[in-house]
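# Secondary and tertiary structure notes
The lines below spell out each chain.
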Amino acid sequence: MPQQNPNEKVICPYCPEKVTKKNLSRHISHQHSKINLQCPNCKTFRGKTKEDLDNHISRKHGQLENKDPLTCLKCEKKFHSHYSLMQHRRMEHKESGKSRRKQVDINLAELFEKDPDLLAELEPVKHLLVDDVYNGKVHSVYNFQFRTMDNKAFRGNLEKVYKDLGCAAKINVAFGFIMKSLEGEYRYFYAHNNNTLFERPVVLANDGDLEFICDRLDDEDYFEHMVNERPNTKWRFYSVTNMTVFAYLMPHSNLLPTPQMQQSDEMEKAVTDLANEYFEHFEVVIYSCERDDNGKLVGMLSRRSLNKYPETVNLLRYGRHLCYIEDPKRVFKQYRCPNCNTHFRKVSHFQRHLTTCDERVKHIYPGGVYELKKTIFDELEEIGIEVAAQDRLFKNLAIYDFESICVPKDEDSPLRDTETTTWVGQHIPISVSISSNLVDGTIFICNADPMQLVREFCAELKKLQEKSAQEMGQKFDKVFRQLDSFLMALRQEKSHRDRQKTADGAEKEEDNVAVVEDEEEDKDDDDMENFILYEDGEEPQDNDDDEMDDYIVPDAVDLSNENDKMLKLLISFYEGIRKKLERYCLTLPCFGFNSSRYDLNLIKEFLLKHLVKEKEINPEVIRKTNQYVSFTFDHLQFLDILNFLGGATSLDSFLKAYQTTEQKGFFPYEWFDSPEKLSMTELPPIEEFWSKLKNCNVLSADLDKYHKLLNSGMSEALVCKKMNITTPPPSAEENYDYLKSIWKEYKMSSFRDFLRWNRDMLKLGCTLPNLANRCLHQSTGVKFYRFGKRDMDLAKRVREEIVGGPSIVFTRYAKVGETKIRDSENVCRAIVGVDASQLYPYSMCQPMPTGPYVRWDLRDGKFYPLKIHRSDLELKVIGFLQSKRKECKIQSLEVTGKQKRIGPFLVDGFCDHCNTVFEKCEKKRAQDEMRRNYIKSKGFNMVEIWECEWYQQMRENNNGERHFVQTNFKHRSPISERQLVYKILDDEYFGVVECDLVVPDHLKKKFQNFPPLFKNHLVSREDIGTFMKTMAEENNLMKKPRKMLISSFYLEKGMVITPMLKFLLKLGLQLKKVYSFIEYQPQKCFESFVDQVVSARREGDKNKSSGVVAETMKLLGNSSYGYQIMNRNKHSVTKYGNESNIHDLINQKMFKASTEICDDVYEVGMMKKSIEHKEPIIVGFFILQYAKLRMLELYYNFLYTYCDSNLYEEIEMDTDSLYLAIGRDNIYDCIRPEVKQVWTKLREKDCKDQFTADAIQNFFPRTCCKRHIDFDKRTPGLFKEEFRCSEMIALCSKTYCCEDDTTKTVKFSSKGLNKCHLEEPMAKYRKVLFEDETMTSKNRGFRVVNNNCIFTYEQDKRGLSAFYPKRIVLDDGIHTIPLDI
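Residues numbered from 1 in each chain as written. Predicted model: local features only at pLDDT ≥ 70, side-chain atom pairs only at ≥ 80, totals over all residues. Heavy atoms only, no water.

### Describing the sheet that holds strand S46 (residues 1151–1158)
Backbone hydrogen bonds are what pair the strands of a sheet, in a parallel or an antiparallel way. Inclusion rule: Two strands qualify as a pair provided DSSP detects at least 2 bridges between them. Each helix is a run of H or I in the DSSP string that is no shorter than four residues. Each strand is a run of E no shorter than two, and both are numbered from the N terminus. To get an axis, fit a line to the C-alpha atoms, keeping to the stretch in contact for a helix; angles then go from 0 to 180 degrees between the N-to-C directions.
Reading across from one edge, S45-S47-S46 is the order of the three strands in this open sheet, with antiparallel pairing throughout. The sheet is open, and its two borders are formed by strand S45 (1132–1137) and S46, each paired with just one other strand. Taken over all neighbouring pairs, the strand axes of this sheet differ in orientation by 20° on average, direction set aside. As paired elements, S45 and strand S47 (residues 1161–1167) share six bridges and run antiparallel to each other. Bridging across to S47, Tyr1136 finds its partner in Glu1163.

Here it is, written out as structure tokens:
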């Protein structure tokens, strides 16, 4: 059957060049862009394609031929295009605008209960409780009143949307609903595109799509979806209010009514039989079709053959017929992927997409050794280019800081105040200061026009970036020349070979080729110079021959033996390295303080408009909710210094830590609320410096803090030392006089001059620390193995078991001299809180799971080790080769952590002694022959072994087999569960066990206060006891069970590390069943990293000016494990677009949602096409389990073993702390007399240099001498007394209050409340506990609203409640016992 050949070459109608048929249209659009189709009506529009011209005519001049008009549902007018219909709706029916708010007349009392608090919460949002529609250029929003979860109502609303749409769209559904807190507070949750029902929008283009979406809605658990949106576990679902449908328009894809085709089993069989005949002789592609409203066909792939044949047959299936299609392009207007619903206009793009389409996110489990990503200097070193350590430091940077005014909210603002929340005003940028080591002084820009301010800001940074690029180009000039010498030699050789191929052998032609060759060589020399970065006006310097010898590598001189593919590979390899180095030199880091949360969000609307709309630049963004971790454009990378520092670091302490002085300034932020005040000719009055956020006058803030510390009982000298001052701070009046003197001294004529002087600008001369994960793994040569594709189920199970530390309330009230210890007559004499020093660094010092793992699965009553898989096969092979060549020391990634690079190839193993490369050959590895020849051509010996050959030699070579037995795992034969447990107890096996554990009935009394098993479990009203159940019913709480982390007597199919399992079995717990075991090799590998952290913190204790450095190292130590447990499933991609490309972004299969940032600028959220789980999560899992184990060791190995239970009582436990009420003055006096002598003898051995925390005897810092006392303050794992008080109330997890009558100090935690505004906290906590009152406090801060602006708000927050469901609260309301679940 005849078929056109798409690879046949034809002559371009506009030039003599020959191109293939399939690339002809692409060639014309790229090479002949000046060819335009002129509009026949206006003569002014010119388009490149007929489709562009049709769109223009449809929008501007009316109806196209054979195109039915679209009808407005409100007035029934006819329109020629979707765009004209949308314009009509905006102009005539007032459906435009960023806000959908309108005045509505609705009686809320008729819809909801007559609860005044509920009605007050709903009053500002009542416009969302009626049916409404918003139509925009890019998306439409349909809102429906929705009171019950009725599937018929779902379908009815979606049918309304389908009928109203003028084109195909991707839709998603969200719900507005009400939740009620434990304290009785109501909160309305908006239906937003960030909390949609579907993970990705679904295409709605025809009746079949509508039915599919309705079926999906029937299968969804709406209630579970809404419950997951609650801010914390204190909130309960109350009622649904409205349903919102977000429709992201696809105007190039019209609504397609589904053709009515008569289907039958006989017809299906006939079509299949006929198709199968063609499948035996041709590559067959069968299309199905749909009709759009113009009667044109839209193609969809129905079936295609798996085998490849020289000729392709395209068939169209329609009804009972199969039709032959000579050219699908002539039949179909567009193509729709049946998997992901992406639309294509070209058949070539459609067919290419089908070969790789997978609508799901691909999860990649690479397995093998975890390796840090190489830096550019690592790659240069691998090819023989050394860069000195001091030259690797990127010293150039810019620091910026924006100031803003808070413009009061006007009446037209979409934000409405509620009974609890007041929106104060919007933050508008007014000025920016820039400092850099590249220029002297500070660049200050002040402009009342935010758009112009951002333009000038970007222009100044671009000047700094260009200057930095010139300096870095000069700094790495020699490296660039070396790389260019490689590339020049490679390109010359490739050019020479290309000319040889085209030569015809004639003598005259050979002469011409020689001439051209000389010219091309000269041109290549020029190209090399263009690659090198020079300063403006600088000319390339001629180099003598001796100097150039340093630049040219011997490998690049003789390339005659390399084949063409190898040359292309080498050119690509060196070009890649050069581009990385060039990008490194060009990028200028721009730092701000708290800029990820504030500054970038402040200028976001104006910055994106400048970049996307004016300069057509799409920035590269890494986001975490509303925080911008990295924002990069035009070689400028914006970073936040706080991402590298401790969370509580202030700007003042940060500058002092790096020996940098801060210009003392005070600013009336709340007074400065309009640009007009820049012209004020005098300083604002002293009372205008009051800050509601800090709840004080900023002029007297330091003095207020000074007096507060004095009143707490601290001496004046100690207060001055803590505040890093020598004399008491000045008063508000003295600071105001200082500002007036500055105004006079600098001859300020307006407040603009004061703003310039008062800028909060960073000037630092320090380097930022590397990421914690890089520091952690660079400190050790040990290798960790990741889970591979075969073991992805293990990776998911470990991920599910990764949970934080326990947060438990044992006793809710204790007071010195009043309450008694448990049921005894011992009165409480002290309340102490002990805190584990650097708990996570301590956990890192324990044995870690290293080397390749072995998975043991249960089959037929025994555990079998699974066959060696590819993740550790290379280790086995290299180990086998090492056993045969005793004289060699083979380095490899798996064994030594280093991999030898030879040209573009990383080899499996290499020995310097005999200059030999060792390779494990694989059937699927490409370029084996090419890499083999290249490596040998460089003078290396080569030893290769195939996998099958290795297996054969393993069976025959007993010495090799013994080598593996000794160096890897000792036991390979199946073992029983009993044998497995004994080997774990004997420390022969180390790893993770999936098992069932239980506390025996006869030991429940021993564990009645603190069961040692932690698990996430659903808790219902029936589980929490009568006291809390009654409170829940009275306050309408916990209608549905909720999941929470509890301590329990039972653990079902839990993942437990072997050190934890050994500890639990020694306590007497029963191991009911083992399901699987993952075996590792134990090794302590992070001790050097922890020593660096601890040393920095001890230095911070000696020198207060290094306090922030110490706090930064604390953060580094505590968070370094966090990268190991990173959940990449939550990662997404952010892109930006305008009207020209937004619909193309919506059409992509990974599209999630879009938000309009400003006029014609949109932020688009996309799911990642693939997620690579490349972190060794098992390391983070072990660290978290070791942390829990340490808290259990304190409780059972010290308190339970040594102390009298009637002399101490647990109050509250958190991840790394424990508060106790004790019947003696200190905890050592609570030790039982019969073991007092044993404990005393242990302490006699303390005064020695070698002292570390352990599980048996070393729990607390030493008291033997001052040197050891100071040293142990920072020893990881030791429990120090953190706080001592006379009264403590613990309401629930992370909500407690401690007060000391002697020092008059108060320490409290109030989750969700602003501490600055919570006055007399102990009195309020007493009322909540004993009088069952709900306490509120006023929170004030700023919030990112609508993803594009910042508003200051004030909120009355209800945050203190007596409800606690994690344990059973007894009838006295004070004491608790564990849940029996």
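### Overview of the environment of Ile1171
Applied cut-off: Note on contacts: a residue pair is in contact if any heavy atoms of the two residues lie within 4.5 Å.
The residue Ile1171 is located in strand S48 (residues 1170–1172) in this model. Remark: the alpha-carbon pair of Ile1171 and His1131, spanning 40 residues in sequence, is separated by 8.4 Å. If we skip the residues at most four places from it in the chain, Ile1171 touches Val361, Lys362, His363, Ile364, Arg1128 and Asn1129.

### Some details on a negative patch on the surface
The condition is simple: A residue counts toward a patch only above 30% relative accessible area and without a salt bridge, and it is joined to like-charged neighbours within 9 Å or, for Val, Leu, Ile, Met, Phe, Trp and Tyr, to nonpolar neighbours within 5 Å. The Shrake-Rupley method, run with a 1.4 Å probe, gives the accessible areas here. Residue values count only the displayed protein chains as cover. What makes a salt bridge here is a side-chain nitrogen of Lys or Arg within 4 Å of a carboxyl oxygen of Asp or Glu, nothing more. His residues and chain termini do not enter the charge count, which takes Lys and Arg as positive and Asp and Glu as negative. Note on charges: their place is set at NZ of Lys, CZ of Arg, CG of Asp or CD of Glu. Any residue under 20% of the maximum accessible area for its type is buried, any over 50% is exposed, and the rest in between are partly exposed; the area is computed with a 1.4 Å probe on protein chains only.
On the surface, Glu1033, Glu1034, Glu1331, Asp1332 and Glu1333 cluster together into a patch of negative charge. Inspection of the secondary structure assignment puts Glu1331 in helix H40 (residues 1321–1331). Taking the relative accessible area as the measure of exposure, Glu1331 reaches 49% and is therefore partly exposed.

### Side note on the packing of helix H37 (residues 1177–1202) against helix H38 (residues 1233–1243)
What counts is decided by this rule: The labels follow the angle: roughly parallel below 35 degrees, roughly antiparallel above 145, roughly perpendicular from 65 to 115, and oblique for the rest. The classification used treats Ala, Val, Leu, Ile, Met, Phe, Trp, Tyr, Cys and Pro as nonpolar, Asp, Glu, Lys and Arg as charged, and all other residues, Gly among them, as polar.
Relative to each other, H37 and H38 sit at 135°, their axes nearing to 10 Å. With respect to each other, H37 and H38 are oriented oblique. Where H37 approaches H38, its residues Phe1198, Thr1201 and Tyr1202 are matched on the opposing element by Val1235, Trp1239 and Leu1242. Looking at side-chain class alone, the contact of H37 with H38 contains five nonpolar, one polar and no charged residues.

### A closer look at the pairing of strand S33 (residues 862–865)
Of the two faces of S33, the one lined by Phe863 and Pro865 is fully buried and the one lined by Lys862 and Tyr864 carries no buried residue. As paired strands, strand S32 (residues 848–859) and S33 are joined by four bridges and run antiparallel to one another. Paired with Trp856 across the two strands is Pro865, which belongs to S33. The turn joining S32 and S33, which pair antiparallel and follow one another in sequence, is formed by two residues; a positive phi near 55° is taken by Asp860. With two bridges joining them, S33 and strand S39 (residues 975–976) adopt antiparallel strand pairing. For Phe863, the partnering residue across the bridge sits in S39 and is Ile975.

### What to know about a positive patch on the surface
Together, Lys373, Lys579, Arg583 and Lys1174 make up a positively charged patch on the protein surface. Among the secondary structure elements, Lys373 is positioned in the loop between strand S19 (362–364) and helix H12 (376–382). Residue Lys373 is classed as exposed on the basis of its relative accessible area, which comes to 69%.

### Quick notes on the packing of aromatic side chains
The following threshold applies: When two rings of Phe, Tyr or Trp (its six-membered ring) have centres within 6.5 Å they constitute a pair, described as stacked for plane angles under 30 degrees, edge-to-face for angles over 60, and tilted for the intermediate range. In our convention, an over-ring charge means Lys NZ or Arg CZ found within 6 Å of a ring centre and within 35 degrees of that ring's normal.
Scanning all chains against the criterion turns up 48 aromatic pairs. Judged by centre distance (6.2 Å) and plane angle (80°), the ring pair of Phe476 and Tyr584 falls under edge-to-face. With Phe476 in the loop between helix H13 (450–475) and helix H14 (477–502) and Tyr584 in helix H17 (residues 564–586), this pair connects stretches of sequence that are 108 residues apart. Linked through ring pairs, Tyr400, Phe402, Phe457, Tyr628, Phe631, Phe633 and Phe638 together constitute an aromatic cluster. Between Arg1098 and the ring centre of Phe1271, over which it is positioned, the NZ or CZ distance is 3.5 Å.

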